[in-house]
Amino acid sequence: MSIVDTPERRQLRELTRAFVTREVLPHLDDWERAGEVPRALHATAAKLGLLGIGFPESVGGSGGDLLDSIIVTEEVIRSGGSSGLIAALFTHGIALPHMVAAAGVGVGGSLGGRLGGTSTPDDDLIQRYVRPTLAGTMIGALAITEPDGGSDVAGIRTTARRDGDHYVVNGSKTYITSGHRADFVTTAVCTDFPGSGSLTLLVIDRDSPGFTVGRRLEKLGWHCSDTAELSFADVRVPVANRIGAEDTGFLAIMQNFAAERLSLATQAYATAQRCVELAVRWCRERETFGRPLASRQLVRHRLAEMHTRAEAARAYVHEVAVRVAAGEPVVTEVAMAKNVAVAACDQVVDQALQLHGGFGYMRDAEVERHYRDARILGIGGGATEIMNEIIAKGMGL
Ligand SMILES: Cc1cc2nc3c(=O)[nH]c(=O)nc-3n(C[C@H](O)[C@H](O)[C@H](O)COP(=O)(O)OP(=O)(O)OC[C@H]3O[C@@H](n4cnc5c(N)ncnc54)[C@H](O)[C@@H]3O)c2cc1C
């Protein structure tokens, strides 16, 4: 029995599938048009324990590890959900882990220990932000990327000047997932001079004076996931809202990249798997020149290759995830897993749309949504080129 196919994980799959079928599929098209998912969905997912998967019970989570989070992500997409839905509903997967780690608790087996914080403020952050978010009553976002660049995390320019018991924050962020709906934003700032050495994470409340949420950004895909520009003009943030010690932000961001990249890799292979299923169904039903598409050897071989690519990517991502969950230092392998899964996804989604013909280009076709949604997976969480840099470094180049 595979480690991702235990009786408990099969149950988790069934729970996720039932949630998607009942709570998501009847509404997803409306949410795509509205540009966001409703708050009530967070509460429903929380009640079922899905929002808290991968977070320890001691901080309000449902327990489980990185592999359980992967199962949920995979099943949401394979049940007819989408990577856009994952981005919108599970944004806390990138907004909260730094707070949990700073309080000395590992998330999904992937994070290290305390980031030099003292227990009081960080435990306070657990009470004020982590618990309500995992209960589905608050929404959080993570803001690292700035208008001047996202790949170079050390190059961020948003500043936080200490003034007594507060920091005074100035700067702007862009492309922030759930930024429109977020009640708080885990924000990367420089407390001293620009550079990785002075990066610090602050939790900034949406209603802080001087904090402006700009226009809702229109995008190629991920339509049900709201994306925002944020700006900070002399925003006073209590020192108690700092995550861990000053200057530990870069390490905290890097530590959580493994989980984020594996989530994106999972979204990629799961999207590929879903598109294979859609294409097989379509090719069995669609007739051209008097017989079903699937009766032609060329089409069957194309489907066989798509299936092989998706399954190979899934196997590799799972292998790397098991090693991450075991605490192995596999930064290079995580980068390879993301690139392998994204490449498989890009190819499979393109082929799946092609096999659907004109219908594949229509909004009514599910494959059309996956085609648009998939394009971000090789950009977000560290673009393909950045993954290649990490891999080359791992090779000693
Ligand atoms: C829909 C969406 C949601 C997002 N959500 C969030 C979020 O919630 N929070 C957040 O902080 N950010 C978010 N992002 C931002 C995302 O992480 C960045 O877009 C990504 O990191 C790339 O940064 P950039 O866009 O500034 O590209 P740049 O850094 O300007 O890079 C541009 C291109 O150049 C390539 N490149 C860069 N450096 C090198 C190099 N050294 N060698 C070779 N090629 C290179 C890159 O791979 C990329 O293809 C989101 C983006 C999108 C589109």
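A. Geometry of the site of the ligand. Near the ligand there are 19 residues, and of these Thr145, Gly150, Ser151, Tyr175 and Glu385 occur at the shortest range. Separating an oxygen atom of the ligand from a side-chain N or O atom of Ser151 is a distance of 2.6 Å. Residue assignment for the shell around the ligand shows that the elements contributing at least two residues are strand E1 (140-143), strand E3 (166-177) and helix H13 (384-394). Element by element, the count of residues in the shell around the ligand is highest for E3, at 3 residues. Per-class residue counts for the shell around the ligand are 11 nonpolar, 6 polar and 2 charged.

B. Just the nonpolar core, in detail. Residues Leu85 and Leu262 are the most contacted members of the largest nonpolar core, which totals 70 residues. Broken down by element, the residue count for this core peaks at 15 residues, all from helix H9 (residues 249-285). Beyond its immediate sequence surroundings of up to four residues, Leu262 is in contact with Leu66, Val317, Val320, Ala321, Val324, Val334 and Ala337. Counting 28 residues, the second-largest nonpolar core is a separate cluster that includes Leu96, Ile126, Val130 and Ile144.

C. Local environment of the packing of aromatic side chains. Inspection of every chain in the model, using the stated rule, returns 3 aromatic pairs. With centroids separated by 4.8 Å and ring planes inclined at 55 degrees, the aromatic side chains of Tyr129 and Phe184 adopt a geometry described as tilted. Residue Tyr129 is located in helix H8 (residues 119-134), and its partner Phe184 is located in strand E4 (residues 184-190); the two are separated by 55 residues in the primary sequence. Neither Tyr129 nor Phe184 differs from the other in exposure class; each is buried. Judged by centre distance (5.0 Å) and plane angle (25 degrees), the ring pair of Phe211 and Phe232 falls under stacked. On the criterion of sequence distance, the pair formed by Phe211 in strand E6 (residues 211-216) and Phe232 in strand E7 (residues 227-238) is long-range, its members being 21 residues apart. No difference in accessibility class separates Phe211 from Phe232, as the two residues are buried.

D. Quick peek at the packing of H9 against helix H12 (residues 366-374). Taken N-terminus to C-terminus, the directions of H9 and H12 make an angle of 155 degrees; their axes are 10 Å apart at the nearest point. Relative to H12, the element H9 is oriented roughly antiparallel. Crossing of H9 over H12 shows left-handed handedness. Contact residues: H9 offers Thr271, Arg274, Cys275 and Leu278, while H12 offers Glu366, Val367 and His370. Looking at the contact of H9 with H12 residue by residue, the classes come out as 3 nonpolar, 2 polar and 2 charged.

E. Spotlight on a nonpolar patch on the surface. Together, Phe359, Tyr361 and Met362 give the surface a local cluster of nonpolar side chains, amounting to about 350 Å² of exposed area. Mapped onto the elements, Tyr361 comes out in the loop between helix H11 (331-355) and H12.

F. Fine view of H9. For H9, spanning 37 residues, the distance from its first C-alpha to its last is 53 Å, which sits close to the expected 54 Å at 1.5 Å a residue. In the structure, H9 departs most strongly from a straight axis at Phe257, where the bend amounts to approximately 35 degrees. Burial of H9 is extensive: 27 of the 37 residues sit out of reach of the surface.

G. Expanded view of the pairing of E7. Where E3 lies against E7, 9 bridges are found, and the strand directions are antiparallel. Looking across to E7, one finds that Ile176 is bridged to Ala228. Strand direction decides the pairing type here: E6 and E7, joined by 4 bridges, are antiparallel. Paired with Arg216 across the two strands is Ala228, which belongs to E7.

Procedures and definitions
Residues numbered from 1 in each chain as written. Predicted model: local features only at pLDDT ≥ 70, side-chain atom pairs only at ≥ 80, totals over all residues. Heavy atoms only, no water. Near = heavy atom within 4 Å. Polar contact = N/O pair within 3.5 Å; in protein donor to acceptor, adjacent residues only side chain to side chain. Helix = DSSP H or I, 4+ residues; strand = E, 2+ residues; numbered from the N terminus. Nonpolar A, V, L, I, M, F, W, Y, C, P; charged D, E, K, R; others polar. Core = buried A, V, L, I, M, F, W, Y, C linked by side-chain atoms within 4.5 Å. Buried < 20%, exposed > 50% of the residue type's maximum accessible area, 1.4 Å probe, protein only. Contact = heavy atoms within 4.5 Å. Phe/Tyr/Trp six-rings, centres within 6.5 Å; stacked < 30°, edge-to-face > 60°. Axes fitted to C-alpha atoms, helices over the stretch in contact; angles between N-to-C directions. Parallel < 35°, antiparallel > 145°, perpendicular 65-115°, else oblique. Left-handed = near helix turned anticlockwise from the far one by under 90°. Patch = residues over 30% accessible without salt bridge, like charges linked within 9 Å, V, L, I, M, F, W, Y side chains within 5 Å. Areas by Shrake-Rupley, 256 points an atom, 1.4 Å probe, with all protein chains shown as cover. Salt bridge = Lys/Arg side-chain N within 4 Å of Asp/Glu carboxyl O. Expected span 1.5 Å × (residues − 1). Bend = angle between axes of the 7 residues up to and from the residue. Pairing = 2+ DSSP bridges.

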